[in-house]
Each structure stands twice: as C-alpha cells, then as structure tokens.
Amino acid sequence: MPFLGKDWRSPGWSWKKTDDGWKRIIFYGHELEDNNKEIDLKALCSDNKENVFVGEVCELASTKRKKDLYNNNTKSQFVFTDKWIYVQKGSTKERHGYCTLGEALNRLDFSSAIQDLSRFNYVAKLFQLIARSQLRNLSGAAQKNYFNILEKIVRKVLDDHYNPRLVKDLLQDLSSTLHSLAIHVGRCVLVGNVNIWLCRLKTIHEWKQQLNNLHIPKQICNGVSFNELPLHTQNDILCKLSDACDIINLGQATPTLQSLSENSILWKKLCHFHFSDKQFCKNLVLSKSDHVDWKLMYFTLRKHYPMREQYGDTLHFCKHCSILFWQDCGHPCTAIDPDSCLMPISPQHFIELFQF
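Attention in this report is confined to the structure presented alongside it. (Residues numbered from 1 in each chain as written. Predicted model: local features only at pLDDT ≥ 70, side-chain atom pairs only at ≥ 80, totals over all residues. Heavy atoms only, no water.)

**Topic: the pattern of salt bridges**
Cut-off, in case you're wondering: Between Lys or Arg on one side and Asp or Glu on the other, a salt bridge is scored when a side-chain nitrogen of the former is within 4 Å of a carboxyl oxygen of the latter. Labels follow the DSSP assignment, with helices taken as runs of H or I lasting at least four residues and strands as runs of E lasting at least two, numbered in each case from the N terminus. A simple rule labels every residue: compare its accessible area, found with a 1.4 Å probe on the protein chains alone, to the largest value its type can have, and call it buried under 20%, exposed over 50%, or partly exposed in between.
Within this structure, the stated rule accounts for eight salt bridges. Measuring nitrogen to oxygen at the nearest pair gives 2.8 Å for the salt bridge that ties R119 to D313. Of this pair, R119 sits in helix α6 (residues 117-134) while D313 sits in the loop between α15 (294-304) and β8 (315-318), and the two are 194 residues apart along the sequence. Assigned by exposure class, R119 and D313 land together as buried.

**Examining the sheet that holds strand β7 (residues 84-86)**
Each strand in a sheet pairs with another by means of backbone hydrogen bonds, the pair being arranged parallel or else antiparallel. Heads up, the rule is: Strands pair, by our definition, only if DSSP identifies at least two bridges between them. Fitted lines through C-alpha atoms serve as axes, helices being fitted only where they are in contact, and the angles separating the N-to-C directions of these axes extend from 0 to 180 degrees.
Reading across from one edge, β7-β9-β8-β10 is the order of the four strands in this open sheet, with antiparallel pairing throughout. Across the chains shown, the open sheet's two edge strands, defined by having one partner strand only, are β7 and β10 (342-345). Sheet twist, expressed as the mean angle between neighbouring strand axes with direction ignored, is 25°. Here four bridges tie β8 to β10, and the two strands are oriented antiparallel to one another. When the sheet's bridge partners are listed, L315 is paired in β10 with I345.

**Looking at unusual backbone geometry**
Glycine aside, the phi torsion of most residues is negative, and most peptide linkages are trans. A positive phi is found at H161, a non-glycine position, where the angle reads about 60°. On the secondary structure map, H161 appears in the loop between α7 (140-160) and α8 (164-185). Residue class for H161 comes out partly exposed when judged on its relative accessible area of 26%.

Rendered as structure tokens:
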C-alpha cells in the first residue's frame, strides 16, 4: 500500500479511532475540541435566518451561498503552524500539484513570527507586498488568515509601540488596493461576499485611526540619557540607522541632533549602504561649491532604484530539498553540505517563488 501524507519525507498525519471510523487529528496550537467548534448546519440553512455572523463580521448570505459558507467556516478553524514547507512547482511520482502563495501563507507560522522583533519587519514588509499586488490571487481561506494575522500585527504595534510607521504604510497600501479592486476593477475579482470586504475596509479605516491617535508615553530613564552621551557616540548611533526618515525624525529632537543629522559623512555612508557606485555615476548631484550633496543624492537615487533591505531574521530556502523554513527552526535536509544549499529569501523573492 503506498504511503499517503502531505510530504513523503514527513511522518504523515495523526489519526484517532472513533465509533464512526478513523478521523484525522488537527492541531490549532492545542487539540481542538470539535464539540465546541462545530457549526450547526441546520441553523445556517434555515429559511428564517438570512444574516450569518462569523466572529464579529456580519455578512449577508444568499441561499445559494449557505452551503459554501458552512464549508468555508468549518475549514477556517484549522490553522497550520509549520516551521517549514515543501515548495512544489510541478507533479512528481511522490507528489502531485504545486504549492501556492496562499498555501504558504496558511501553513507557515507567521502568527508566532510577528511576536519576534527580529522577524516583525520581515513579515510586515511581506504583507505590504501582498497587499499591493497579490491580494486578489489568494484563496478565501488565505485571505481570512491574512486579515487575522494583520489584526495581530496592528495589535502588537498598539501594545508595544513598535514601528508604527511601517504598519501605517501597510494599511494605506491595503486600503488603496481594496478601493481600487472594489470600485475600478470590479467586485468580481474579490473572493466572497462584497459585504465582507466592506466590513474589512471599515476595519482597516479604524486601524488607521487608532495608529494615527497612538501616543507613545515618555519613558523615565534613571541612567544616562541619549543627550548626555558624547557627541561621537551619538554620531555612531546615527550611522547605524539605515532609514533616512529615522535620521530626520531624530534630528528634530534637539539642536545638537539636528546638526549631527545634517552631517555629510552620515549621508554618504547611507548612500553607499543602499546603492552601488555605478548608480552614483548616473545620478551625480553637485552643490554650488562643486561638492557632492550626499543628502540630495540619497533622495535622488531613492526615486530611481530600490533600497537595500535589512532584516534581523528571514526565511531561507534550501535549493537541494526545495524547502522554505525559518533558519533557527531548521529542516530535514538530506544534502551532504546543507549550508551550501541555503539561500536567504527577501519578501519580494518570497512572492516570486510562487509565481509559475
């Protein structure tokens, strides 16, 4: 009898014997209690109930959609928390089909990844790229999972005050995409009832208001403050920043930081970090004294070329096993030299990995 499982390398699924036969055990962090999670099909299919509530979202379901709504709700309970996935790009003897972007979004454990500060920016940037161009390509279950994780991202920013500007840009891009799809392109490209998307747009607008009203309290420091540090130490800290907006915002704090943030050497290092020498030659910006204006050079180059991305932790791809995984979790590699097969995956490369 052939081995059946989600991957021929994996141990397969877990099963339990019941009076009605064998049933597969599905985990959601802990084992689900199916009796508490079941949805009454008769209640959904009754003629006197037209409004169906799913969590906090109220969607107007027509009669022909009730069966699909039931199936969709029952499947959306189960969320995979895999540390690695096999990226299938074609059919083989062991596996048939291929892995999609939505499947990767559902199976990889992004909910736990956003709790790690070294992975938070990576996940937020990935979700921003999905919002710009790939939202319409996700399945209904993947879209639900996308918004569930997005809610956790917003909640973490509101609770921990961590990088609100990045999440504001993410929500702005998502709002613009949904508005364009619903108004200009047409509602037919959106999976699900249009009332769900209207509720999601309303929720996104509320998140944007909450982030705009976010007030970060002043921290009380009993030790040495930033302003009490030597000037060369403050300058070294500014040189560690890779975002020009952070440098400009920090320069608005005190006159001393304003002077340090205008340092030409600082902007020269920032240009060399993000761009190559070949790009400098094509867009050379000189000041009135025939010296290079590195600050103006930076903003000029940013208009023409993508900036270098830097993340604390990223997903990695094993070219030998075709497995996508978080580096600290590892994967069952069969290569002689596993390190030589690893390749870090940027958010843009992650999306390109599932374009067939």
